[in-house]
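Single-letter residue listing:
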Amino acid sequence: MRSSLAVALVIAIAPIVSAQNRREPTVPRGATTGVVATRAELPRTYTGKPTTEAITAADLMTRLYIFADDSMMGREVGTKYHLMATSYIEREVRRLGLVPAGDNGGYFQDLPLFDYSTDSASSIAIGAQHLSLGSDYLVMANAERRITLDGVPVVFGGTSNDTTTWMSPEQMAGKIVVFATPSTSSPMLSNNSAIRARVARASVVMLVSLDRMNAGFRGFVARSQQLLSDTTRTIAPPRVFVNERVAALLFGGATDKRAGAVLSGMSGSLLMHERRAPARNVVAILPGSDPALKGQYVAIGAHNDHVGFNTTPVDHDSIRAFNMVARPQGADSPPTAPTAAQVARIRAMTDSLHKLHGARPDSIFNGADDDGTGTVSVLEIAESFAKAAVRPKRSLLFVWHAGEEKGLWGSAFYTDHPTVSRDSIVAQLNMDMVGRGGAGDATGESKAGERLHGGPGYLQLVGSRRLSTELGDLMEAVNTRGKHGLNFDYGMDANGHPQVIYCRSDHYEYARYGIPIVFMTTGGHSDYHQVTDEPQYIDYGHMAGVARFVRDAALTVANLDHRVVVDHAKPDPKGACVQ
Ligand SMILES: [Zn+2]
């Protein structure tokens, strides 16, 4: 049953599409016919049967349509939807009778996440000119406090991306320091420790870059979040972003642009708020059966969050068609202006999709593949072990990490504050986006820049031999011995690969401590980080095959008569990730 365009137009919504006989339609590379060559479309919403012990496509479908439903609103960490999503996982692991391994005897490990906002009662004036919050200036709050501006010296600090032009930290002390930001540089000031130390004594750091910030950036600044893991934090000066109008008022026509030049004074105060925001890992254990080995753990993980929703709905099918034609790797493809021919194709595809199921406004990033598929696959693997007659010798540690999309927050916090001794974790198997990998999906690029595509049994392995050659070899042996028939693509694991995916998911937070890892993904696609990453586009048969493989790999490592051997140098846990 291959994709013949006629068939593709026929909507055959099967109640449960049995994974075995559903074959991935081979979408010819760069399908340009103008009509979308899609498989029989899965339903937009769906309620499946209760899950079973076996790892099946039907179970994965049951779970994913719950976890990536619109009602989860994209599961952004720090929101109530994150609580809804992690509650689903918690209910499942509790139902399966796994041992809680979070805080205080529960399944949750809370992250010290805080939301920051600026009170609308804040005010800034330069002379008689009152500035308006949001249009003239934006504050990136970072503590609960009020900063008074009256009488505080205002000085020019230099050019943001050239510290040689800057005042010294002593000269900045107690002042409002204004930085120019060249159009080629980021509108933000780098946040590395060296820069933080240079500006630490200023009372406010002001950047002339607001005009260059898009809506997404402004939203990020206005409602910033921070993970405060160390209690002895030093509160940095808040960053205030102003527009060119304000800069003109500050310089008041002054021509002296050397660092230290005194600028116009300000009056008013900045009122900032700090609020605890919900963020939690879900952690559970299946105890091992061997008294001598059950104190060691094979960790299996995924991330439970995605990027949420926005308030500017788009037409679902137009986005889908646009990306299929012009941005095959979704957010990983550079934004591009389509050619006239592409525009024609996009229009034709959008029309045919609208014919298939009517137009639909969409503003929710469901994250079905990213990382709903990893999350529910780990749940399926946990269920199969929890109900199995025989347990592995070593214990299994299941961790659903929070805040991966924000910067690997949950896995960094877990590996900094593990709930089992870190040394007892012998390996970590990470699943992030394991539900696609079809022939029509652009799964990434080789180091040389050739486009990679999926296909039958497609799975990318990343990092599998970076700390333990043995672990990487074991993956191959399990695939062969278990007759999983997977086709491993190591293309994204090359040293120096520009997409650095070895550094872009939770496994790296384990690897940095010298724990051998395997990162498994079916790779990118045109719905990556788009509102179109929804459950109906997932390949459940393929996903079940990957989950069964990971189960087998975990069992193999857990039953080894020795710890997998680490035969490569361990990175510096606090150092930058290098692929
Ligand atoms: Zn992800």
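The structure reproduced in this document is the subject of the present report. Just so it is clear, the structure is predicted and the values come from calculations on it, not from any experiment. (Residues numbered from 1 in each chain as written. Predicted model: local features only at pLDDT ≥ 70, side-chain atom pairs only at ≥ 80, totals over all residues. Heavy atoms only, no water.)

### Concerning unusual backbone geometry
Along the chain, Asp370 connects to Asp371 via a cis peptide bond; the corresponding omega equals -5 degrees. Turning to its location among the elements, Asp371 is positioned in helix 10 (residues 368-386). Phi angles above zero are rare outside glycine, and Leu408 is one such case at about 55 degrees. In this structure, Leu408 sits in the loop between helix 11 (404-407) and helix 12 (409-416). A positive phi angle, close to 65 degrees, is found at Met433, a residue other than glycine. Structurally, the position occupied by Met433 is in the loop between strand 19 (425-431) and strand 20 (442-445). (Helix = DSSP H or I, 4+ residues; strand = E, 2+ residues; numbered from the N terminus.)

### Quick notes on the packing of helix 10 against helix 15 (residues 540-558)
At a closest axis distance of 10 Å, the pairing of helix 10 and helix 15 adopts a crossing angle of 55 degrees. On the basis of the axis angle, helix 10 is oblique to helix 15. Classified by chirality, the crossing of helix 15 by helix 10 is right-handed. Packed against helix 10, whose contacting residues are Thr373, Val376, Ser377, Ile381, Ser384 and Phe385, the element helix 15 presents Met543, Ala547, Val550, Arg551, Ala554 and Leu555 at the interface. (Axes fitted to C-alpha atoms, helices over the stretch in contact; angles between N-to-C directions. Parallel < 35°, antiparallel > 145°, perpendicular 65-115°, else oblique. Left-handed = near helix turned anticlockwise from the far one by under 90°. Contact = heavy atoms within 4.5 Å.)

### Some words on helix 9 (residues 340-357)
A rise of 1.5 Å per residue sets the reference length of helix 9, with its 18 residues, at 26 Å; its end C-alpha atoms lie 26 Å apart and thus fit the reference within 8%. All of the buried residues in helix 9 are Gln342, Arg345, Ile346, Met349, Thr350, Ser352, Leu353 and Leu356. At the C-terminal side of helix 9, Gly358 shows a positive phi close to 75 degrees. (Expected span 1.5 Å × (residues − 1). Buried < 20%, exposed > 50% of the residue type's maximum accessible area, 1.4 Å probe, protein only.)

### Some points on the packing of aromatic side chains
In the structure shown here, the tally under the stated rule is 10 aromatic pairs. For the pair Phe67 and Tyr88, a centre-to-centre distance of 6.1 Å together with 45 degrees between the ring planes defines the contact as tilted. One end of the pair, Phe67, is in helix 2 (residues 57-67); the other, Tyr88, is in helix 3 (residues 80-95), with 21 residues separating them in the sequence. The residues Phe67 and Tyr88 share a single accessibility class, namely buried. Ring centres of Phe156 and Phe251 lie 5.5 Å apart, and the angle between their planes is 65 degrees; this geometry places the pair in the edge-to-face category. Placement of the pair is Phe156 in strand 8 (residues 154-159) and Phe251 in helix 7 (residues 244-251), with a sequence separation of 95 residues. Pair check on accessibility: Phe156 and Phe251 agree, each one buried. One aromatic cluster is present, formed by Tyr46, Tyr65 and Tyr540 through successive ring pairs. If you follow Arg422 out to its NZ or CZ, it ends over the ring of Tyr513, 3.8 Å from the centre. The aromatic ring of Tyr502 is capped on one face by Arg466, whose charged end is 4.9 Å from the ring centroid. (Phe/Tyr/Trp six-rings, centres within 6.5 Å; stacked < 30°, edge-to-face > 60°. Lys NZ or Arg CZ within 6 Å of the ring centre and 35° of its normal.)

### Some words on the state of the cysteines
In total, this model carries one disulfide according to the counting rule given. There is a disulfide in this structure between Cys503 and Cys577, and the S-S distance comes to 2.0 Å. Across the S-S bond of Cys503 and Cys577 the torsion is about -75 degrees, and the bridge reads as left-handed. Highlighted residues: Cys503 in the loop between strand 23 (487-489) and helix 14 (507-511) and Cys577 in the segment after helix 15, separated in sequence by 74 residues. The exposure class assigned to Cys503 is buried, which follows from its relative accessible area of 17%. (Disulfide = S-S within 2.5 Å.)

### Remarks on the side chain of Asp552
Within the secondary structure, Asp552 is located in helix 15. Among buried charged residues, Asp552 stands out as having no salt bridge; its nearest opposite-charge side chain is Arg481, 4.3 Å away. If near-sequence neighbours (up to four positions away) are discounted, Asp552 is found in contact with Val478, Arg481, Gly482 and His484. (Lys, Arg positive; Asp, Glu negative; His and termini not counted. Salt bridge = Lys/Arg side-chain N within 4 Å of Asp/Glu carboxyl O.)

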